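Reading the structure
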Amino acid sequence: ISQQSSGLGDMQIGLSYNLFNFNYGSYLSVVASGIIPLYNNSKKEVALGYGIGGAELKFTYTGNIGATFLKGCYYNLELGGRRYFDTQGPDVLFYTASLGFSLGKRNQLSFDVGGQNSYSTNKTFNPNLSVNRDYYFTKSDLSFGHIFTRRFYMFLSGFYTFQGRNAGLGYGGSVQTVFKF
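No experiment lies behind these values; they were computed from the predicted model shown.

Notes on the side chain of Asp134
With respect to the helices and strands, Asp134 occurs in the loop between strand 6 (107–119) and strand 7 (135–149). Engagement of the side chain of Asp134 in a polar contact is seen with the side chain of Lys123, the distance being 3.3 Å.

So this is what it looks like as structure tokens:
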């Protein structure tokens, strides 16, 4: 028996502030955002997510690699937390390390390794992995990004999740868009 749902997921809206710059080559920033579900689980056979709002706070350290061998490369380190506004949470810690390569003025290729640790009083496992609240995973990701305009970017990604608990292991893909106002 197969069940499926489709639709928009959670939307994140936030603000970023550069805390420090180091000789204009690397930056430490803080990002605060709100999480807004764009779906109603009561009308779906299979839930698309928790269906509740939340908040996220993360720190990023980014910069260019100035060495001749890796000229045009950049790095990005992220560490953050996410809290969903429900008595069962979850509270999520996440981390990512990225290395990116510029492929001209409008294209980039990046490799990421990262993961999430989610904690909740609700330890129930659901085969619909998008509603599990107590889990962890680590994955690697290869992404291609294109800048259409200075305010609109799109990224195509393929990933492999190689370890986890109450999370899917294996291959997948995603499309992500960024709109800057």
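What to know about the pairing of strand 1 (residues 10–22)
As defined by bridge partners, strand 1 adjoins strand 2 (residues 26–37) across 12 bridges and the pair is classed as antiparallel. Across the sheet, Ile13 pairs through a bridge with Gly34, a residue of strand 2. Turn length for the strand 1-strand 2 hairpin, with the two strands adjacent in sequence and antiparallel, is 3 residues, and the turn residue Asn23 shows positive phi of about 55 degrees.

What about the pattern of salt bridges?
Overall, the coordinates contain 6 salt bridges when judged by the stated rule. In this structure, Lys58 and Glu78 form a salt bridge, with 3.6 Å as the shortest nitrogen-oxygen distance. Of this pair, Lys58 sits in strand 3 (residues 54–65) while Glu78 sits in strand 4 (residues 73–84), and the two are 20 residues apart along the sequence. On the accessibility criterion, Lys58 (16% relative accessible area) is buried. The partner of Asp134 in a salt bridge is Arg165, with the nearest N and O atoms 3.0 Å apart. With Asp134 in the loop between strand 6 and strand 7 and Arg165 in strand 8 (residues 152–165), this pair connects stretches of sequence that are 31 residues apart. Given a relative accessible area of 7%, Asp134 falls into the buried group. Shared partners join several salt bridges into a network, and the residues in it are Lys123, Asp134 and Arg165.

A look at the packing of aromatic side chains
Two aromatic rings, taken as a pair, are described by how far apart their centres are and by the angle between their planes. Applying the stated criterion across every chain, the model contains 8 aromatic pairs. Seen in terms of ring centroids, Tyr135 and Phe137 are 6.1 Å apart; in terms of plane orientation they differ by 10 degrees. Their pairing is stacked. Of the two residues examined, Tyr135 and Phe137, each falls in the buried class. Aromatic ring contacts, followed pair by pair, group Phe22, Tyr61 and Tyr75 into a single cluster. The residue whose ring lies beneath Lys139 is Phe159, and the NZ or CZ to ring-centre distance is 4.5 Å.

A short note on the pairing of strand 6
Of the pairings in the sheet, the one linking strand 5 (residues 91–102) to strand 6 comprises 12 bridges and is antiparallel in character. In the sheet register, Gly100 faces strand 6, and the bridge partner there is Ser110. Where strand 5 hands over to strand 6, the hairpin turn is made up of 4 residues, of which Gly104 adopts a positive phi near 100 degrees. Across 12 bridges, strand 6 lies against strand 7 in antiparallel orientation. What sits directly across from Asn117, in strand 7, is Tyr136.

Observations concerning the environment of Leu109
Relative to the helices and strands, Leu109 is located in strand 6. Leu109 gets classed as partly exposed once you look at its relative accessible area, which sits at 31%. Expressed as a C-alpha distance, the spacing of Leu109 and Phe144, which sit 35 residues apart in the sequence, is 4.7 Å. Filtering out sequence-adjacent residues up to four positions away, Leu109 remains in contact with Leu99, Gly100, Phe101, Leu103, Leu142, Ser143 and Phe144.

So, the nonpolar core
Core analysis: the largest hydrophobic core is formed by 7 residues, namely Ile35, Tyr50, Ile52, Tyr84, Val92, Tyr135 and Phe137. Filtering out sequence-adjacent residues up to four positions away, Ile35 remains in contact with Asp10, Met11, Gln12, Gly53, Gly54, Ala55, Arg82 and Tyr84.

Structural notes on a nonpolar patch on the surface
A grouping of Phe101, Leu103, Leu109, Phe111, Val113, Leu142, Phe144, Leu156, Tyr160, Phe162, Tyr171 and Val175 is seen on the molecular surface, where their side chains present a nonpolar patch of about 1100 Å² in accessible area. Going through the elements one at a time, strand 6, strand 7, strand 8 and strand 9 (170–179) are the ones with two or more residues in the nonpolar patch. Locating Phe162 in the fold gives a position in strand 8. Of the residues examined, Phe162 reaches a relative accessible area of 41% and is grouped as partly exposed.

Definitions and cut-offs
Residues numbered from 1 in each chain as written. Predicted model: local features only at pLDDT ≥ 70, side-chain atom pairs only at ≥ 80, totals over all residues. Heavy atoms only, no water. Helix = DSSP H or I, 4+ residues; strand = E, 2+ residues; numbered from the N terminus. Polar contact = N/O pair within 3.5 Å; in protein donor to acceptor, adjacent residues only side chain to side chain. Pairing = 2+ DSSP bridges. Salt bridge = Lys/Arg side-chain N within 4 Å of Asp/Glu carboxyl O. Buried < 20%, exposed > 50% of the residue type's maximum accessible area, 1.4 Å probe, protein only. Phe/Tyr/Trp six-rings, centres within 6.5 Å; stacked < 30°, edge-to-face > 60°. Lys NZ or Arg CZ within 6 Å of the ring centre and 35° of its normal. Contact = heavy atoms within 4.5 Å. Core = buried A, V, L, I, M, F, W, Y, C linked by side-chain atoms within 4.5 Å. Patch = residues over 30% accessible without salt bridge, like charges linked within 9 Å, V, L, I, M, F, W, Y side chains within 5 Å. Areas by Shrake-Rupley, 256 points an atom, 1.4 Å probe, with all protein chains shown as cover.

Coordinates in, geometry out; function isn't part of it.
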